[in-house]
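A closer look at the structure
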Amino acid sequence: TFSDVSAPSCTPCPVGTYSENFGGNTTSCIPCPKGTYSIITGANSLNQCLPCVPGSYSDKEGSTQCAQCLPGYYSTIVGATSFNTSFPISGTGST
């Protein structure tokens with residue numbers, strides 16, 4: 001949580017961010033790193049920023065969800081930070 005000068009009490013950090021500090025201010029809320037996301041309001045640890053699962057990625061800090069690979073593409077990487085880590089699915093066409 002952080003203390004907003006205009007608020008009468010402490011305010012939880014918004015989703016996609018966390019703060020491990022007591023008595024912080026608005027700058028105390030740190031965005032989750034690329035490759036992770038958080039849906040927790042008031043997250044108090046980097047561990048609450050979860051890695052994107054294979055088949056998804058997060059290319060921005062402070063994400064609240066991971067983007068899915070496009071149809072026809074896949075990724076085996078946990079915590080992928082870019083669409084560029086996905087690969088086309090090999091065709092299974094008949095011969």
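What you see is a predicted model, and the numbers here were worked out from it, not measured in a lab.

**Quick look at the packing of aromatic side chains**
All chains considered together, the criterion is met by two aromatic pairs. Pairing Tyr 73 with Phe 83 gives two aromatic rings, centres 5.3 Å apart and planes at 55°, and the pair type is tilted. Taken together, the residues Tyr 73 in strand E9 (residues 73-74) and Phe 83 in the loop between E9 and strand E10 (87-88) connect sequence positions 10 residues apart. Since its relative accessible area comes to 25%, Phe 83 is described here as partly exposed. A connected cluster of aromatic rings, assembled from ring pairs, spans Tyr 57, Tyr 73 and Phe 83.

**Some thoughts on the pattern of salt bridges**
Taken as a whole, this structure holds one salt bridge when the rule is applied. Close ionic contact of Lys 60 with Asp 59 constitutes a salt bridge, the shortest N to O distance being 3.9 Å. Its relative accessible area of 40% is what places Asp 59 among the partly exposed residues.

**Topic: the state of the cysteines**
A complete count under the given rule lists three disulfides for this structure. Cys 13 shares a disulfide with Cys 29; S-S distance 2.1 Å. In this structure the cystine formed by Cys 13 and Cys 29 twists about its S-S bond by roughly -80°; its chirality is therefore left-handed. Note that Cys 13 is positioned in the loop between strand E2 (10-11) and strand E3 (17-18) and Cys 29 in the loop between E3 and strand E4 (30-31), a separation of 16 residues in sequence. Taking relative accessible area as the criterion, Cys 29 reaches 14% and is therefore assigned buried. Taken in N- to C-terminal order, the disulfide-linked cysteines of the chain are connected 1-2, 3-4, 5-6. A disulfide-free cysteine, Cys 69 has its sulfur positioned 9.9 Å from the sulfur of Cys 52, the nearest such atom.

What counts, and where the lines are drawn
- Residues numbered from 1 in each chain as written.
- Predicted model: local features only at pLDDT ≥ 70, side-chain atom pairs only at ≥ 80, totals over all residues.
- Heavy atoms only, no water.
- Phe/Tyr/Trp six-rings, centres within 6.5 Å; stacked < 30°, edge-to-face > 60°.
- Helix = DSSP H or I, 4+ residues; strand = E, 2+ residues; numbered from the N terminus.
- Buried < 20%, exposed > 50% of the residue type's maximum accessible area, 1.4 Å probe, protein only.
- Salt bridge = Lys/Arg side-chain N within 4 Å of Asp/Glu carboxyl O.
- Disulfide = S-S within 2.5 Å.

Just distances and angles here, no functional claims.
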